Amino acid sequence: MSRADVTLAEKLAAQAAAGRSRRRRTVEAREPGGVRVNVEGRECLSFCSNDYLGLADHPRIVAAFCEAARRWGVGSGASHLVSGHDAEHHVLEEELARFVARPRALLFSTGYMANLAVASVLVGRGDHVLEDRLNHASLLDAGLASGARFARYAHADVAALRKRLALIGATARTLVMTDGVFSMDGDIAPLREIAAACRETDAPLLVDDAHGFGVLGAMGAGSVEEAGLGVDDVPILMCTLGKAVGTFGAFVAGSPVLIESLLQRARTYLYTTALPPAVAAATRESLRVMRDEPWRRSRVLEHAARFRAGLADLGLPSLPSRTPIQPVLIGEEAAAVAASSALFEQGFWVPAIRPPTVPVGTSRLRFTFSASHTSAQVEQLLAALRELRTSGVLRPAGSA
Ligand SMILES: *Cc1c(COP(=O)(O)O)cnc(C)c1O
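In what follows, the accompanying structure is described.

### Focus: the overall build of the protein
Okay, step 1: Assigned secondary structure in the protein consists of 15 helices and 14 strands.
Okay, step 2: The globule rule puts the C-alpha radius of gyration for 400 residues at 21 Å, and the 21 Å found for the protein is close to it.
Okay, step 3: Summarising its shape, the C-alpha atoms of the protein cover approximately 60 × 55 × 55 Å along the three principal directions.
Okay, step 4: Burial analysis of the protein (400 residues in total) assigns 53% to the buried set.
Okay, step 5: Put simply, 70% of the contacts in the protein that link residues at least 6 apart link residues at least 24 apart.
Okay, step 6: When the accessible surface of the protein is summed, it comes to about 17500 Å², and 54% of that surface belongs to carbon and sulfur atoms.
Okay, step 7: When the 44 positive and 42 negative side-chain charges of the protein are each reduced to one mean point, those points stand 3 Å apart.

This is the structure we're talking about:
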């Protein structure tokens, strides 16, 4: 082994010793809807996808994708500013802007890159970034990579945010970033209060609505629609397309000058190949399906509510989430992994989420629901949890 490999092997061993090794499971087959899956030879029910509306294999969206691939080909061939910006991308940006009631939108290849883009263009050395402590890793990385002074405030704590803003003597050079729906907890940020604090101090606010877009709000435009917040309140809205929308990619929506600045200056926009145009065409169809089939939003939220009620009956503590993300806190890494393995043995695929994704001591099972689940499948899951609870495999955080 090279010296570099020896060092890497030591780090891997340390990670394994801490119970934090990760393992990919290969999906061999998916039935329509994506809930019944064959995972490494085992038939199981998936409760871990972010395809909340069950759109990833919707026939209309698949057809739009195939038709566009035949017309445009598979690859875009270049970045947007060279020759990769096709009419499908262009029209999709206009449709996305309308969907979230913002003046303009810009497509990115991933949400991770979109978050990096915003932070790098809005702030730099000498500026400030303030983030919720439980923000998604891509927001934390974006803040750190920007070179601005970086601080985290206590989770969803607007008083703590206000204190930090006052301390800095905030100006336009303090970027505030928060998840709309927190990805590992499922709760919703106090967006109205955060937006008010930012407006008072003239600090730009980015809301990352990766898990709210498509699910929350009367039209499915997400947590900012639900909170009734326009572009003056939340000047920078980032949403991903790979979750509830069922396709791939992301976009930032905001004022024309914000979007033009990202287009001109964001390195994660300039120096990467544009999304395949067929993905843009599929996303356009997905927006139409979201409008035509609003029952998908209600169904997934009903499943989440039923699951929470079921947890309460079992004496298992739920977190304050009314979104499709429903975690059950376990505590220690090993216990969370054991619970996840036991569920898998029974045919339920639910991941254990451990540090560094979540704070130490808050390892958990993260259940996610989809409009493709049936009520019977939710009951099956609860029955399996009851058994694990009775047999002592499932012990919630804090209980001996
Ligand atoms: C998934 C996620 C992202 C990253 O989006 P990708 O398109 O998968 O890169 C960003 N923010 C949050 C909150 C997410 O959950």
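More follows now that the structure is in view.
### A short note on the sheet that holds strand β14 (residues 363–368)
Okay, step 1: Taken together, three strands build an open sheet; the order of strands is β11-β14-β13 and the sheet is antiparallel. Only two strands of the sheet have a single partner each, and these edge strands are β11 (325–331) and β13 (352–353).
Okay, step 2: As paired elements, β13 and β14 share two bridges and run antiparallel to each other. Counted as the bridge partner of A352 is L365 from β14.
Okay, step 3: Across the sheet, helix α14 (residues 333–345) is in contact with β11, β13 and β14; its angle to β14 comes to roughly 35°.

### Focus on the packing of helix α5 (residues 111–122) against helix α6 (residues 137–145)
Okay, step 1: Where α5 contacts α6, the axes come no closer than 8 Å and their chain directions differ by 30°. With respect to each other, α5 and α6 are oriented roughly parallel. Judged by the twist between their axes, the crossing of α5 over α6 is right-handed. Residue-level inspection shows Y112, N115, L116 and A119 of α5 in contact with α6, the latter providing S138, L139, D141, A142, G143 and A145.
Okay, step 2: Of the residues in the contact of α5 with α6, the class split is six nonpolar, three polar and one charged.

### Brief notes about the sheet that holds strand β3 (residues 42–46)
Okay, step 1: Here we have four strands laid out as an open sheet, ordered β1-β2-β3-β12, and mixed in their pairing. Strands at the two margins of the open sheet, each flanked by one partner only, are β1 (27–30) and β12 (348–349).
Okay, step 2: Two elements, strand β2 (residues 36–39) and β3, share four bridges in a ladder whose sense is antiparallel. Bridging from a neighbouring strand, V39 pairs with R42 of β3.

### Observations regarding the environment of L53
Okay, step 1: As for its position among the elements, L53 is in the loop between β3 and α2 (59–72).
Okay, step 2: Among the residues examined, L53 registers a relative accessible area of 2% and is labelled buried.
Okay, step 3: Expressed as a C-alpha distance, the spacing of L53 and M238, which sit 185 residues apart in the sequence, is 19 Å.

### Brief notes about the side chain of T323
Okay, step 1: Among the structural elements, T323 can be located in the loop between α13 (295–314) and β11.
Okay, step 2: A polar side-chain atom of T323 sits 2.8 Å from the main-chain carbonyl oxygen of G186.
Okay, step 3: Setting aside anything within four residues of it in sequence, one finds T323 in contact with V181, G186, I188, L301 and A304.

### Overview of helix α12 (residues 277–292)
Okay, step 1: Look at α12: 23 Å from first C-alpha to last across 16 residues, which is about the 22 Å you get at 1.5 Å a residue.
Okay, step 2: When you tally the buried positions in α12, you get 13 out of 16 residues, the bulk of the element.

### Description of the pairing of strand β4 (residues 104–108)
Okay, step 1: Burial runs high along β4: four of the five residues are buried.
Okay, step 2: Two strands pair when backbone bridges link them, and β4 and strand β10 (residues 250–254) are joined in this way by five bridges, in the antiparallel orientation. Paired with A105 across the two strands is A253, which belongs to β10.

### Description of unusual backbone geometry
Okay, step 1: Going from P355 to P356, the amide bond is cis rather than trans, its omega being 5°.
Okay, step 2: Even without being a glycine, A101 presents a positive backbone phi close to 55°.

### Looking at the pattern of salt bridges
Okay, step 1: Applying the stated criterion to the full structure yields 18 salt bridges.
Okay, step 2: As a salt-bridge pair, E88 and R71 come within 3.4 Å of each other at their nearest N and O atoms. On the criterion of sequence distance, the pair formed by E88 in helix α4 (residues 87–99) and R71 in helix α2 is long-range, its members being 17 residues apart.
Okay, step 3: Residue classification places E88 among the buried residues on the basis of a relative accessible area of 7%.
Okay, step 4: Taking relative accessible area as the criterion, R71 reaches 57% and is therefore assigned exposed.
Okay, step 5: As a salt-bridge pair, D292 and R291 come within 3.4 Å of each other at their nearest N and O atoms.
Okay, step 6: R291 gets classed as exposed once you look at its relative accessible area, which sits at 52%.
Okay, step 7: When salt bridges with common partners are traced through the structure, they connect R60, E285, R288, R291 and D292 into a single cluster.

Reading guide: rules and limits
- Counting from 1, residues in each chain are numbered in the order their sequence is written.
- Residue-level local features of this predicted model are given only where pLDDT is at least 70; pairs of side-chain atoms are given and counted only at 80 or more, and the full residue set underlies all totals for whole chains, interfaces and linings.
- Values shown for side chains rest on all heavy atoms present in the structure; no hydrogens or waters enter the calculation.
- The secondary structure listing takes helices from DSSP runs of H or I that are at least 4 residues long and strands from runs of E that are at least 2 residues long, numbered from the N terminus.
- Values of the radius of gyration come from C-alpha atoms, whereas the globule rule sets the reference at 2.2 Å times the count of residues to the power 0.38.
- Categorising residues by exposure relies on relative accessible area from a 1.4 Å probe, with only protein chains included: less than 20% of the type maximum marks a residue as buried, more than 50% marks it as exposed, and the intermediate range marks it as partly exposed.
- By definition, residues are in contact when any of their heavy atoms lie within 4.5 Å.
- Under the convention used here, a 1.4 Å probe and the Shrake-Rupley method define accessible areas, while residue burial counts only the protein chains that appear.
- Charged residues are defined narrowly, with Lys and Arg counted positive, Asp and Glu counted negative, and His plus the chain ends left uncounted.
- Charged groups are reduced to one reference atom each: NZ for lysine, CZ for arginine, CG for aspartic acid, CD for glutamic acid.
- Two strands form a pair only when DSSP identifies at least two bridges running between them.
- Axis definition: a line fitted to C-alpha atoms, limited for helices to the stretch in contact. Angles are taken between N-to-C directions and run from 0 to 180 degrees.
- Our angle categories are set so that under 35 degrees counts as roughly parallel, over 145 as roughly antiparallel, 65 to 115 as roughly perpendicular, and the remainder as oblique.
- Rotating anticlockwise by less than a right angle from the far helix to the near helix defines a left-handed crossing, while the corresponding clockwise rotation defines a right-handed one.
- Residues are grouped as follows: nonpolar covers Ala, Val, Leu, Ile, Met, Phe, Trp, Tyr, Cys and Pro; charged covers Asp, Glu, Lys and Arg; every other residue, Gly included, is treated as polar.
- Between N or O atoms, a polar contact is any pair within 3.5 Å; within protein, one atom must be a potential hydrogen donor and the other a potential acceptor, and residues adjacent in sequence are included only when both atoms are from side chains.
- Given the number of residues in a helix, its expected span is that number minus one, multiplied by 1.5 Å.
- Counted as salt bridges are all cases of a side-chain nitrogen of Lys or Arg within 4 Å of a carboxyl oxygen of Asp or Glu.

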